[in-house]
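Commentary on secondary and tertiary structure
Residue strings, one per chain:
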Amino acid sequence: MTRLPLFALILAGSAAALPAAAQEATVEAEKINQVIVYGDDKCEQSSPDEIVVCNRLPETERYRVPEMLRGDPLDPRNEAWANKVVALERVGRFGTDSCSPTGLGGFTGCTQALLAGARAERRAADKTDWQAMIADERAKRLAGIDAAAEEVEAAVVAEERALAERQKAAEDLERQANGEPPAAPTAPDEADAEPLPMPPQP
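This is a predicted model, so every value here is computed, not measured.

It is worth spelling out the overall build of the protein at this point. Helix and strand counts for the protein stand at 6 helices and 2 strands. Along its sequence from the N terminus, the protein presents helices and strands in the succession α-α-β-β-α-α-α-α. For the protein, buried positions account for 12% of its 202 residues. Summarising the internal contacts of the protein: among those between residues at least 6 apart in sequence, 35% fall at separations of at least 24. When the accessible surface of the protein is totalled, it reaches about 16800 Å², and 59% of it is carbon and sulfur.

What follows is the structure, given as structure tokens:
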């Protein structure tokens, strides 16, 4: 493993320990690339400044017109039977909860009709959840950043410990050259030496 200088490790550790606001700004500034791949095509790997998410489609769809653009959407033959049945059910509906200008309380029920139409559109829409794919890729990236930060911190601590040991060895050699006894081992800090307070017993 290549040993990095102490100042490089300290700089890397300080960069990994950015405030939460700076990390949020970094997340907001990152680029997101949504790619559609076909068959066994390779999905491009994410880079440090870009998240790449891929939606894989079968090879038969490579040179075809997108499904949403195929055919005439206004052609009555392309209308689903479920929609035709719904249209037939609405014929002759009036009164309360009918969302029609006919009958007493016919103006009510429009909200339920809008919600039902929205749910139907959502079910018929593309099933690719780009937001979930981006969130998963972002979570993987953040996990990698945390692991790198922990590795840098461990390397910095090890380098500081090795530096302290080298300094102590140099001081012992200097004392030995001057005929002085070696320095006594330093006692641990008082805060570390004190026992932890015990909770009161009932």
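Okay, back to it.
Looking at the protein, pLDDT values average 75 and 73% of them are 70 or higher. Counting contacts from residues 1-23, a segment whose pLDDT is below 50, to residues more than four positions away or on other chains yields 16 contacts.

In a disulfide, the sulfur atoms of two cysteines are held together by a covalent bond. Summed over the entire model, instances satisfying the criterion amount to 2 disulfides. Cys43 shares a disulfide with Cys54; S-S distance 1.9 Å. Between Cys43 and Cys54, the S-S torsion sits near 80 degrees, and that sign places the bridge as right-handed. Taken together, the residues span a long stretch of sequence, with Cys43 in the loop between β1 (31-38) and β2 (50-57) and Cys54 in strand β2 at a distance of 11 residues. Residue class for Cys43 comes out partly exposed when judged on its relative accessible area of 22%. At a sulfur-sulfur separation of 2.1 Å, the disulfide partner of Cys99 is Cys110. Across the disulfide from Cys99 to Cys110, rotation about the S-S bond amounts to roughly 100 degrees, and the bridge is consequently right-handed. Linking Cys99 in the loop between α3 (81-90) and α4 (110-124) with Cys110 in helix α4, this pair joins segments that are 11 residues apart in sequence. Residue classification places Cys110 among the partly exposed positions, given a relative accessible area of 30%. Here the protein pairs its bonded cysteines, counted in sequence order, in the arrangement 1-2, 3-4.

Moving on: the side chain of Glu50. Its place among the elements puts Glu50 in strand β2. An unpaired buried charge is present at Glu50: no salt bridge exists, and Lys31, the closest side chain of opposite charge, is 5.1 Å distant. Setting aside its immediate chain neighbours within four residues, Glu50 contacts Lys31, Asn33 and Arg141.

This part is about a nonpolar patch on the surface. A surface patch of nonpolar side chains, amounting to about 360 Å² of accessible area, comprises Val65, Met68 and Leu69. For Met68, the position within the fold is in the loop between β2 and α3. What makes Met68 exposed here is its relative accessible area of 74%.

Evaluation of the coordinates by the stated rule reveals 4 salt bridges. A salt bridge links Asp41 to Arg62, with the nearest nitrogen and oxygen atoms 2.8 Å apart. Of this pair, Asp41 sits in the loop between β1 and β2 while Arg62 sits in the loop between β2 and α3; the two residues are 21 residues apart in sequence, bridging distant segments of the chain. For Glu159, the salt bridge goes to Arg166, with nearest N and O atoms at 3.9 Å. It is possible to trace a salt-bridge network through shared partners that takes in Asp41, Glu59 and Arg62.

Rules and cut-offs
- Residues numbered from 1 in each chain as written.
- Predicted model: local features only at pLDDT ≥ 70, side-chain atom pairs only at ≥ 80, totals over all residues.
- Heavy atoms only, no water.
- Helix = DSSP H or I, 4+ residues; strand = E, 2+ residues; numbered from the N terminus.
- Buried < 20%, exposed > 50% of the residue type's maximum accessible area, 1.4 Å probe, protein only.
- Contact = heavy atoms within 4.5 Å.
- Areas by Shrake-Rupley, 256 points an atom, 1.4 Å probe, with all protein chains shown as cover.
- pLDDT = per-residue confidence, 0-100.
- Disulfide = S-S within 2.5 Å.
- Lys, Arg positive; Asp, Glu negative; His and termini not counted.
- Salt bridge = Lys/Arg side-chain N within 4 Å of Asp/Glu carboxyl O.
- Patch = residues over 30% accessible without salt bridge, like charges linked within 9 Å, V, L, I, M, F, W, Y side chains within 5 Å.

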